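Residue-level structure breakdown
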Amino acid sequence: MAVYTPSEIEARWQVAWEKAGIFTAQRDETKPKYYVLEMFPYPSGRIHMGHVRNYTMGDVIARYKISTGHNVLHPMGWDAFGMPAENAAMAIGGHPKTWTYDNIADMRGQMKPLGLSIDWSREFATCDPEYYGQQQALFLDFLDAGLIHRKNASVNWDPIDMTVLANEQVIDGKGWRSGADVEKRDLTQWFFKISDMAGELKSALDDLENWPAKVRLMQENWIGESRGLQFAFSTANAPEGFDRVEVYTTRPDTLMGASFIGISADHPLAKQLEKENPEIAAFCAECRKGGTTAAEIETAEKMGFDTGIRARHPFDTDSKLPIYIANFILMDYGTGAIFGCPAHDERDWDFATKYELPIISTFLPTPDADEKLTTPYVPAKTEEVYYNRGFAGEETQTGEAAINAAIDFCEANGVGQGVTKYRLRDWGLSRQRYWGCPIPVVHCDSCGVVPEKKENLPIELPFDVDFDTPGNPLDRHPTWRDTPCPSCGKPATRETDTMDTFVDSSWYFARFTSPRADTPTVKEDADYWMNVDQYIGGIEHAILHLLYSRFFARAMQITGHLPESAVEPFNALFTQGMVTHEIYQTEGDNGRPVYHLPEDVTDGKLADGTEVQIVPSAKMSKSKKNVVDPLGIIANYGADTARWFVLSDSPPERDVEWTASGAEAAYKHLNRVHNISARIAEMDKSASGKDDDGLLRAMHKAIHDVTVGVETFGFNAAIAKLYGFTAVLQKSKAGYAAQHEAIKTLAQLMAPMTPHLSEHIWATQGGADLVATAPWPKADEAMMVDDTVTLPIQINGKRRGEISVPADMPKDEVEKLALATQAVQKALEGGTPKKVIVVPGRIVNVVV
RNA sequence: GCGGGCGUGAUGGAAUGGUAGACAUAGCAGACUUAAAAUCUGUGGGCCUUAGUGCCGUGGGGGUUCAAGUCCCCCCGCCCGUACCA
């Protein structure tokens, strides 16, 4: 019998697919199109099991759709700009460009043996000038359409390296290389006006039915629509021009509980006071220390500084509320100023307690509850409470009703107005870095900021740069900056900032529809191929990448680069989990953990007998040495085994633990299927046997279950069914015809997951052409119905017996049979049941 | 801090509110073999001098329901995101 040799089989069929050109996508109006896309990788240099899993899932969908008659687009590219390339240049020398393209070549070489159904003719990298030149064209069109503007924003500033740091380069408030205390610093930067679309981006989420609910919810919360009251406190003894402080609150119903006003350290009033008062200047400087991340700002100890200025309450003009500058108030949100109601807000409570400010309740759980609180009282807005200091609406009402009543009351009395605000901020796209897409504008002394002319695109990155000094090499390049002003022609300088790499990944899916065009997209291609029918990627991209892409699709529609129908570019989204592996660690001399490679550990021990500590299910990472190299797996077992395993053991949305025994088991199974095929091929073609019908029934059930599994991303469940069907076939004594049909069908059902072995079996069994293009088998409903079903009998919800009945037996007859069973009779003790529930085909529950 | 998710045998996991543990792995027992590997078969949550269609059991505590792993509330742990990592 022929032996299963994946290396030989896999190489042969990959050549056959390439020769047949079956994965090269072309417009074909006669077939329904299907665009499947996995989030493209960053070219780090090595593929890992996470990639294998991600691309295998997409491949299963793509191959399945080919076999159901679709014209499939399944492209691949590289998210190739970004910091690691610059870091590598700094750490080991070389050039980001060389490093990146070398990595791409390596990774492509590692991906090809997986046998993915990718149209490689459409491949591109975002660092190709042909790509980022078109991105610059989009930038100019967006600018022209008013979708981009400039404003100030704070960045992490390293005062020793004199450079801007990314958030991940700030460790415990210090620069990662210099160790200096990081400060916030304001820079003028470019912004996409995504916040103008906040309402639309939120409401459109409702129609994304084939997106995970959790992702829609996360985006909704991120956009953060709120209805509130914007109004002003008048001030006493404030500097000129600040006789009012405008605040925004989502809880106007707590207005009578206000005990202080808080303003951001970046509020215009704070900035004015800073000029006059060195103490305030010192406090504001203190607030500006530390990083710019929300987590850092929110968890920092709350600090306030009493400005000495007092505010009058709109409904109690004798009152004098202190105005504090506070470090937890963000200038970006609302008006940069709040009123604090410590009785009903955790943060305000902490602040008021620290600075001994009054705590005044405005509502209580019941009218007779104690007014004096020991903790902030923050019930859900939907809960009814008693307003002891209400001023609008009913005495007892929900927070929601009270908020609406308060807004109406305030508007009627000329105290501010109800407004809808969003948490979503504009998207700052400027980066003070080299390895990104240059922003195509020129700064001219006479004309100001001038867009570059389209015919001058792409504005290419210069190659002759060095990374010996921190900061952006474009800034210190001797000639690259010099350029004539596109408007007046006088000498001017280029913008040296490049674009956020999220820009690159916000439209690549559209570019795949016409990757070589000399415009960003081509109408016919975009019209035909968009949208992405199935998008697959990690949950870590739930908010930023997906939200930015939704914004870009809208902006591209406005500027004529995408059709109206593509404003939501991803029809269906699937978020997959990570691939994890145990960590093996021992303790080093300094008490720190020392990590060991899986191949160095046998039975929990190192070669020298040292016991290792095993940490389960950790995300694979090089530093922890728990990375399993896909190439090694492919060399040992073949790509089909790797593909089968990453799909089999875990639901795709969850993390999968890589285990050597699991991979071994996958290999054994494929061997078994291979051997069954070989056995059937050697059968006497006219041989008859026993129970052909049983085998064919199992086959039709398998067709049904696997089809459902593939269509619903239940790959692990589909594989479990394939195990079951394989076991039936292996034991079957059926005749040749039935067994031959069964093995051919098995090969087809396995083809999306193990395409090479399936082609081999298909060919062995005399199948026509390629299994990759053969039509997907159809389950015969008639072959799937069982005549009898086994119903469990429950007594008071606990299983106490079972009956076997015809599948179509009426409810009342099932009830009679159930009541007659020994178990029920025993439980009834001659009495009558209180209730009998019969769920046809499912269960019988008798309540006694 | 905030937003979202997850938690089931020794292990990965299955289960439209309806028989908890499908399928797979480790382990154990057996067949084949001179022996081993490979292969095949069985077993495979815990408890019990009552071995029973017995009791307990899906992170912990409470609730809704004829029925809860699944729905609701509180708590614990882990993971993702938190706007300059990609």
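You'll find the structure just up there.
Residues numbered from 1 in each chain as written. Chains lettered and ligands numbered in written order. Predicted model: local features only at pLDDT ≥ 70, side-chain atom pairs only at ≥ 80, totals over all residues. Heavy atoms only, no water.

**Comments concerning the overall build of chain A**
So the rule is basically this: Secondary structure follows DSSP: runs of H or I at least 4 residues long count as helices, runs of E at least 2 residues long count as strands, and numbering of each begins at the N terminus. Contact criterion: two residues are considered in contact whenever any of their non-hydrogen atoms come within 4.5 Å of each other. Only the protein chains shown count as cover for residues, and all accessible areas are computed by the Shrake-Rupley method using a 1.4 Å probe. The positive count covers Lys and Arg only, the negative count covers Asp and Glu only, and His and the chain ends enter neither. Taken as the charge location is NZ of Lys, CZ of Arg, CG of Asp or CD of Glu.
Counting secondary structure elements, chain A contains 26 helices and 33 strands. Principal-axis analysis of the C-alpha atoms places the extent of chain A at approximately 105 × 90 × 65 Å. Partitioning the intrachain contacts of chain A with sequence separation of at least 6 by distance along the chain shows that 71% fall at a separation of at least 24. As displayed, chain A offers around 38,300 Å² of accessible surface, 49% of which is attributable to carbon and sulfur atoms. Charge centroids of chain A, computed over 84 positive and 119 negative side chains, lie 3 Å from each other.

**As for the state of the cysteines**
Rules: Only a pair of cysteine sulfur atoms within 2.5 Å qualifies as a disulfide here. Note on classification: 1.4 Å probe, protein chains only; a residue is buried when its accessible area is under 20% of the maximum for its type, exposed when over 50%, partly exposed between these limits.
Per the counting criterion, the structure on display carries zero disulfides. With no disulfide of its own, Cys-447 has Cys-488 as its nearest cysteine by sulfur position, at a separation of 3.6 Å. Taking relative accessible area as the criterion, Cys-447 reaches 34% and is therefore assigned partly exposed. Lacking any disulfide linkage, Cys-485 is separated from the closest cysteine sulfur, that of Cys-444, by 3.7 Å. Among the residues examined, Cys-485 registers a relative accessible area of 3% and is labelled buried.

**Observations regarding the sheet that holds strand β31 (residues 798-806)**
How we decide: Between any two strands, pairing holds if DSSP finds at least two bridges. Think of each axis as a best-fit line through the C-alpha atoms, taken over the contacting stretch in the case of a helix, with angles from 0 to 180 degrees between the N-to-C directions.
In spatial order, the strands read β31-β30-β33-β32; together these four strands make up an open sheet with mixed pairing. Unpaired on one side and paired on the other, β31 and β32 (835-839) mark the two borders of the sheet. Strand-to-strand twist of the sheet, defined as the mean angle between neighbouring strand axes without regard to direction, takes the value 20°. The pairing of β32 with strand β33 (residues 843-847) spans five bridges and is antiparallel. Its bridge partner being in β33, Val-839 is matched across the sheet by Ile-843. Helix α25 (residues 811-820) rests against β30 (788-795), β31, β32 and β33 of the sheet, and its axis sits at about 120° to β32.

**A short note on helix α24 (residues 755-764)**
Judged by how many residues are buried, α24 sits mostly within the fold: eight of 10 residues are covered. For α24, the full list of buried residues reads Pro-755, His-756, Leu-757, Ser-758, Glu-759, His-760, Ile-761 and Trp-762. Count one or two residues on from α24 and you reach Gly-766, which has phi positive near 75°.

**With respect to the protein's contact with RNA strand B**
Quick reminder of the rule: In these notes, residues near a molecule or strand are those with any non-hydrogen atom within 4 Å of it. Pairs of N or O atoms are called polar contacts if they sit within 3.5 Å, as long as, within protein, a hydrogen donor faces a hydrogen acceptor (for residues adjacent in sequence, only side-chain-to-side-chain pairs). Ten residue types, Ala, Val, Leu, Ile, Met, Phe, Trp, Tyr, Cys and Pro, are classed as nonpolar, four, Asp, Glu, Lys and Arg, as charged, and the remainder, Gly among them, as polar.
Around RNA strand B lies a shell of 64 residues, among which Asp-79, Asn-167, Arg-433, Arg-799 and Asn-845 are the nearest. One of the backbone N or O atoms of Arg-425 is found 2.9 Å from a base nitrogen in RNA strand B. The contact in question runs from a base oxygen of RNA strand B to an N or O atom on the side chain of Arg-842, over 3.2 Å. Within the surface near RNA strand B, the residues separate by chemical class into 25 nonpolar, 19 polar and 20 charged.

**Quick look at the environment of Pro-239**
Inspection of the secondary structure puts Pro-239 in the loop between β8 (225-236) and β9 (244-249). Using a relative accessible area of 14% as the deciding quantity, one classes Pro-239 as buried. Ignoring anything within four residues of it in the chain, the contact list for Pro-239 reads Leu-269, Gln-272, Leu-273, Glu-276 and Ile-309.

**Focus: the pattern of salt bridges**
To be explicit about the condition: We count a salt bridge whenever a side-chain nitrogen from Lys or Arg sits within 4 Å of a carboxyl oxygen from Asp or Glu.
Taken as a whole and assessed by the stated rule, the structure comprises 31 salt bridges. For Asp-59, the salt bridge identified is with Arg-63, shortest N-O distance 2.9 Å. Taken together, the residues span about one helical turn, with Asp-59 and Arg-63 both in helix α2 (residues 49-67) at a distance of four residues. Per residue, the accessibility class of Asp-59 equals that of Arg-63, and both read buried. In this structure, Arg-389 engages Glu-371 in a salt bridge whose closest nitrogen and oxygen atoms are separated by 3.3 Å. Here the residue Arg-389 occupies a position in the loop between β14 (384-386) and β15 (396-398), and Glu-371 occupies one in the loop between α11 (346-354) and β14, the gap between them amounting to 18 residues. Looking at Arg-389, the relative accessible area reads 29%, which means it is partly exposed. Through salt bridges that share partners, Glu-200, Arg-550, Arg-554 and Glu-568 make up one connected network.

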